[in-house]
Amino acid sequence: MSEGTQQGLHGKDYAVRELFTKQYVLESYQREYTWERRHVVELVTDLANAFLRDWRVDHDGQRYALYRPYFLGPFVCHNVGVKKNLIDGQQRFTTLHLLLMHIERLLKEQGNEGSAGMVGGMVRRYAAGQYHYTIDVEERRACLEALRAGTEFDPTPATVSVQNLWERAQDVAEALPAALRDECLPIFADWLADRVFLVEIAVDDRDLGWEIFETMNDRGAGLTSLDLLKSFVLSQVDRGQEQINAAWRKMVTDLSAFGRHYPSKFFETLFLARYAAADGSDDEKIERAFHEWVRNQPERVGMKRRGQDYSDFVLNTIARAAEQYGLLLEAARTRTPGLDTVYYNASNGIDSQFLLILAAIQLEDSPQAVRDKAQLVANYLDLFFILRITNNDSAVQAQDFKEEVQRLLPAVRKASSVEDLRKLFGREAAGLPDGFTGVEKLSLHNNRKHIRYLLARLTAFVEVECGRPDEVDRYLGWPVGAAGDSPPWEIEHVWANKYSLHVQTGVANEEDFKRERNRLGGLLLLEKPTNASFGADLYGEKLPHYFRQNILAASLNPGSYKRNPGFAKFQKKWSLEDFFIPYPDSFDKKAIDQRGTLYRQLCERVWRIDQLGFIEAAVLPSARASSTQRRKPRYGVQIADLMRVGLLSEGTKLRGELKRARRVFDATITSSGKIRLESSGEEFKSLSAAGAAATGSVSSPGWDFWQIAQPDANHIPLAVIRRQAIERGLLDQNP
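Trainee: Would you mind going over the overall build of the protein chain with me for this structure?
Mentor: Per the secondary structure count, the protein chain includes 31 helices and 16 strands. The C-alpha radius of gyration computed for the protein chain amounts to 27 Å, which stays within 12% of the reference 27 Å derived for 735 residues, consistent with globular compactness. Projected onto its principal axes, the C-alpha coordinates of the protein chain cover approximately 75 × 70 × 60 Å. Residues counted as buried form 52% of the 735 residues belonging to the protein chain. Taking the intrachain contacts of the protein chain between residues at least 6 apart in sequence as the baseline, contacts between residues at least 24 apart amount to 69%. With an accessible surface of roughly 33200 Å², the protein chain has 48% of that area assigned to carbon and sulfur atoms.

Have a look at this one:
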């Protein structure tokens, strides 16, 4: 710890553990929590990446103390009795508080009460006969209690700040990488507590704190990479500086309409998309300070000679590319005909689509070519996303898509025309694994947002093909307010949540009932008021209501098949007559199976290669493996890796035990290295995801949870097998 002191002002660096064992209050001018999704995702992703760059599966639990520290900046406070008034820094503090709360819940789900207790002590503390949250704001209490308990919370009546708090908490949960929800979670919690630092600027009186707050937020802002790049370009131009300055100002003004950070984000994205080395060696330099990267090698962006090259860079390259980038940002914010999938990807957090689209677009492309290329790129990433969702691949976060984008980048740069892209993505799509084989077994567990997206797309597809309006943005409900004051949409279970009402549906017991109820074939998408009004009714009571809803829901009712030419024409067009089946009397386990088959058929049509604009092509088995590969993180070990070196094989039986509930779960390793749950038949690439789905929890330490089943009950944890592979150097060998 370091310390500096001036009269009335004290500065110290503190680890998160030290800071979050104290209690903070907020004055009225500081009570609004205003961070947006991008701020939260950026903070959580940066913390995760900082930890994962050092963590390895063979590190013991104390090794984290030697990992590189991470600095989160300064904050300003002053003492108010035993509490601290947080004058500046509450956005970071609140987001860290949400992250700690989520980690505490995950650790409890894993059964790690020791680590959960450690983190819980930073979330809240007991004093004066009751619990007090670290950031003590009364209006937040109900929201925070729901988040800790993992229960539902209706933020509608709350203040805008509390509504935002609830939404950002969901973003925290989504942004935390799957790699951190496994065995390394308790180590990450310790690292976050002891190796992440902030500098406290403590003041003796409130007025001095307010002066520092104003100085830090309103005055003395340092020059950014954007400012320094502009200065460098202008220094290399002898004539026409006013014209260049005007063009630069227009670019900044236009892009700033989407948010203050977008002009800088534009340059970073453009340089990565079109000019950075294909092997990724430039990426960190560009992301850290793109102006320095340009100054050191201006010829990389076409500025070889002083004067005209620099002028052309701004007036031609930057001006045109900024227009193209602005078009994409607008399409991501508001669904635009011809660019619909850009909007879908934005709703799913696939921001790296902009990088790949800018790589595909050329400056001389016509407006139509720009739109066509953007839609093709977005369509491929959406297909990549939905296949992972439907096959229970948990790698669907920002970093996972960045890896795929970087893999495709060299080939996309070389594809000069729309036709070239159609052929490229046709080959790539043909090489994607699994197809929609997992849809019929897919169920609702820790993937609610993804299941909602899938149902939204299928519901909209049926509606549009039957001649109704395309209201997918209403179904998605993103961004908030995009569809005016229309009510939100929710996932509806056809089976009411009461086992005793469904004993005649073919389920053996209550566990079987819960599992079948959550299968995709037993789910619909309905408006929230409608869902709430009859969601707990028996199927026969719901059926008349379904008839008045969207066609996918109404298709359960026999009335939808009478005097409905639009629906009949749709079924015939897509050869779906055998898959749309009415259920006039009951909806049993067989019906869920049949609806699952229907949903698979719909997926295969919505995301059919020619529907996406791709040209179908055969692909060699080694095509994806032979593509340009980036550096892979050394912490990633999968079942398939252990199969490759002969330590595991297809058909290996696994056993998992939830000791606190005295429950046992069985699974089998498939030929593709997935884990198939015996109870449901669902397959998972991740051991943690398989464990969480089996136990009905949010998180599972998969490598410790799953063991190789032995006849004598001395089951062998998969973590032991992995350790053997690492110690023997087997995983260092090339495939």
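Trainee: Just to check I follow, could you spell out the pairing of strand 5 (residues 83-88) for this structure?
Mentor: The two faces of the sheet receive side chains in turn, since in a regular strand these alternate between them. In terms of burial, strand 5 is a largely internal element, 5 of the 6 residues being buried. As paired elements, strand 3 (residues 24-25) and strand 5 share 2 bridges and run parallel to each other. Among the inter-strand pairings, Y24 is bridged to a residue of strand 5, identified as K84. In the sheet, strand 4 (residues 70-80) pairs with strand 5 via 5 bridges, with the strands oriented antiparallel. Residue pairing across strands places V80 opposite K83, the latter belonging to strand 5. In this antiparallel pair of consecutive strands, strand 4 and strand 5, the connection spans 2 residues, and G81 shows a positive phi of 65 degrees.

Trainee: Help me out: how do you make sense of the packing of helix 13 (residues 308-333) against helix 15 (residues 353-360) in this one?
Mentor: Packed helices, taken two at a time, are described by their axes: the angle between them and the distance between them. At their nearest, the axes of helix 13 and helix 15 sit 11 Å apart, and the two run at 140 degrees to each other. Judged by the inter-axis angle, helix 13 sits oblique to helix 15. The interaxial crossing formed by helix 13 with helix 15 has right-handed handedness. From helix 13, Y325, L328, L329 and A332 reach across to helix 15, where they touch F354, I357 and L358. Residue composition of the contact of helix 13 with helix 15, by class: 7 nonpolar, no polar and no charged.

Trainee: How should the packing of helix 10 (residues 241-256) against helix 13 be read in this particular structure?
Mentor: Two elements in contact, helix 10 and helix 13, have axes separated by 10 Å at closest approach and are oriented at 15 degrees. Compared by their axis directions, helix 10 and helix 13 come out roughly parallel. For helix 10 against helix 13, the interelement crossing comes out left-handed. Taking contact as the criterion, the partners of Q243, I244, A247, W248, M251 and L255 in helix 10 are, on helix 13, S311, V314, L315, I318, A322, Y325, G326 and L329. Residues of the contact of helix 10 with helix 13, tallied by class, amount to 11 nonpolar, 3 polar and no charged.

Trainee: Where do I start with the sheet that holds strand 11 (residues 653-658) in this structure?
Mentor: Two pairing modes exist for strands in a sheet, parallel and antiparallel, and in both the strands are linked by backbone hydrogen bonds. What the 6 strands build is an open sheet, ordered 14-13-12-11-15-16; its pairing is antiparallel. Across the chains shown, the open sheet's two edge strands, defined by having one partner strand only, are strand 14 (683-684) and strand 16 (716-717). Inspection of the sheet shows strand 13 (residues 675-677) paired to strand 14 by 2 bridges, in the antiparallel sense. In the sheet register, R676 faces strand 14, and the bridge partner there is E683.

Trainee: Teacher, can you tell me more about the packing of aromatic side chains here?
Mentor: What describes a pair of aromatic rings is the distance from one ring centre to the other and the angle between the planes of the rings. Applying the stated criterion to the full structure yields 42 aromatic pairs. Directly above the aromatic system of Y131 lies the positively charged group of R124, at a separation of 3.7 Å from the ring centroid. Of note, R722 hangs over the ring of W703, and the distance from its end group to the ring centre comes to 4.6 Å.

Trainee: Honestly, unusual backbone geometry in this entry has me stumped. Any pointers?
Mentor: Most of the time, phi is negative for any residue but glycine, and the peptide bond is trans. Notably, D434 is not glycine yet its phi reads approximately 80 degrees, a positive angle. Considering the arrangement of structural elements, one finds D434 in the loop between helix 18 (418-430) and helix 19 (448-465). Here the phi dihedral of A713 falls at roughly 70 degrees; this positive angle occurs in a residue that is not glycine. Within the fold, A713 resides in the loop between strand 15 (706-708) and strand 16.

So, how was this worked out
Residues numbered from 1 in each chain as written. Predicted model: local features only at pLDDT ≥ 70, side-chain atom pairs only at ≥ 80, totals over all residues. Heavy atoms only, no water. Helix = DSSP H or I, 4+ residues; strand = E, 2+ residues; numbered from the N terminus. Rg over C-alpha atoms; globule rule 2.2 N^0.38 Å. Buried < 20%, exposed > 50% of the residue type's maximum accessible area, 1.4 Å probe, protein only. Contact = heavy atoms within 4.5 Å. Areas by Shrake-Rupley, 256 points an atom, 1.4 Å probe, with all protein chains shown as cover. Pairing = 2+ DSSP bridges. Axes fitted to C-alpha atoms, helices over the stretch in contact; angles between N-to-C directions. Parallel < 35°, antiparallel > 145°, perpendicular 65-115°, else oblique. Left-handed = near helix turned anticlockwise from the far one by under 90°. Nonpolar A, V, L, I, M, F, W, Y, C, P; charged D, E, K, R; others polar. Phe/Tyr/Trp six-rings, centres within 6.5 Å; stacked < 30°, edge-to-face > 60°. Lys NZ or Arg CZ within 6 Å of the ring centre and 35° of its normal.

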